[in-house]
Amino acid sequence: GYCTVPENTEWMMTTCRFSCSACPPAVEAPADSIVAKFNSRIFSLVGATDVTLLGKEYLLQKPHMVSVQTTWRVTLPDDTILFSFQKGECKRRKDGGCDAEWRIFHGRTHQKQVLYYGIQRTSTFKFYKSEADYEHNPLQDWRAEVRKLLPSKKEPASLKVTVMPTEDAGLILLAAHVIDSLEDLVRDQGTSDTEDQ
């Protein structure tokens, strides 16, 4: 089809947003299914949370009781470190405001293998492959977004997580849990992320 013709690749990547048939279809969990369970350990000095994600066991925890930077790790039950989440400095906007930013690393942070760069937007928290992708095209280059939905009479407050095909939805879900627990997600006020350009 049109999207698989080599001379159309650049246009498809900027316009199509991975909706063509060359990409794998989106996978949605059935309604009312449990994808992940988070259980905080009550007597943990490092804020440990046991996580069951699609039947696999993980642990979310801070590496130290006192840290210079806000850092969390995703480990296996045997303490093998898989990923690290680290909060960065506040990113200043043109209007003088400040947006929270996070980085997701493969392994430990000192290995500097950034998998995702996340930044607070007007109504969402968006993840990009790198800070350069965000700076280049914040409206098109995002790979995942987290939207904090307001409670209604029928539904409690919740998070809506959207992940592009081929990205790690489980990793984004774990990061969303940490970022939300530290109150770095803005509530969706029905505004557009284009407002803060």
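Note: the structure precedes this text.
All of the points below concern the structure found in this document. (Residues numbered from 1 in each chain as written. Predicted model: local features only at pLDDT ≥ 70, side-chain atom pairs only at ≥ 80, totals over all residues. Heavy atoms only, no water.)

### A closer look at the state of the cysteines
Link 1 in the chain: By the definition in use, this model includes one disulfide.
Link 2 in the chain: Disulfide partner of Cys90: Cys98, at an S-S distance of 0.8 Å.
Link 3 in the chain: Here Cys90 falls in the partly exposed class, since its relative accessible area comes to 34%. (Disulfide = S-S within 2.5 Å. Buried < 20%, exposed > 50% of the residue type's maximum accessible area, 1.4 Å probe, protein only.)

### Some remarks on the pattern of salt bridges
Working definition: two side chains of opposite charge can pair if their charged atoms are close together.
Link 1 in the chain: The full count for this structure, using the stated rule, is nine salt bridges.
Link 2 in the chain: Between Glu131 and Arg103 there is a salt bridge, with its nearest N and O atoms 2.7 Å apart. Highlighted residues: Glu131 in helix α2 (residues 131-136) and Arg103 in strand β8 (residues 101-106), separated in sequence by 28 residues.
Link 3 in the chain: Residue Glu131 is classed as partly exposed on the basis of its relative accessible area, which comes to 28%. (Salt bridge = Lys/Arg side-chain N within 4 Å of Asp/Glu carboxyl O. Helix = DSSP H or I, 4+ residues; strand = E, 2+ residues; numbered from the N terminus.)

### Some remarks on the side chain of Arg121
Link 1 in the chain: When you line up the elements, Arg121 lands in the loop between β9 (114-120) and β10 (125-128).
Link 2 in the chain: Reaching out from Arg121, the side chain makes a polar contact with the side chain of Tyr134 at a distance of 3.3 Å. (Polar contact = N/O pair within 3.5 Å; in protein donor to acceptor, adjacent residues only side chain to side chain.)

### Looking at the sheet that holds strand β12 (residues 158-163)
Link 1 in the chain: Taken in spatial order, the ten strands make up an open sheet running β1-β2-β3-β4-β5-β8-β9-β10-β11-β12, and their pairing is antiparallel. The sheet is open, and its two edges are formed by β1 (36-40) and β12, each paired on a single side. Strand-to-strand, the axes of this sheet are offset by a mean angle of 20°, without reference to chain direction.
Link 2 in the chain: Bridge count between strand β5 (residues 81-87) and β8: five bridges; the pairing is antiparallel. In the sheet register, Phe85 faces β8, and the bridge partner there is Ile104.
Link 3 in the chain: Helix α3 (residues 169-181) contacts β1, β2 (49-53), β3 (56-61), β4 (71-75), β5, β8, β9, β10, β11 (144-149) and β12 of the sheet and is inclined by roughly 145° relative to β12. (Pairing = 2+ DSSP bridges. Axes fitted to C-alpha atoms, helices over the stretch in contact; angles between N-to-C directions. Contact = heavy atoms within 4.5 Å.)

### As for the packing of aromatic side chains
Link 1 in the chain: In this structure the tally under the stated criterion is three aromatic pairs.
Link 2 in the chain: With a centroid separation of 5.9 Å and 45° between ring planes, the pair formed by Tyr117 and Tyr134 is classed as tilted. In this pair, Tyr117 is assigned in strand β9 and Tyr134 in helix α2, connecting sequence segments 17 residues apart.
Link 3 in the chain: Here Tyr117 falls in the buried class, since its relative accessible area comes to 0%.
Link 4 in the chain: Geometrically, the ring pair formed by Phe125 and Phe127 is tilted, given 5.4 Å between the ring centres and 55° between the ring planes.
Link 5 in the chain: Overall, the relative accessible area of 1% leaves Phe125 in the buried class.
Link 6 in the chain: Among the residues examined, Phe127 registers a relative accessible area of 1% and is labelled buried.
Link 7 in the chain: Here a set of aromatic residues connected by ring pairs shows up, and it is made of Tyr117, Tyr128 and Tyr134. (Phe/Tyr/Trp six-rings, centres within 6.5 Å; stacked < 30°, edge-to-face > 60°.)

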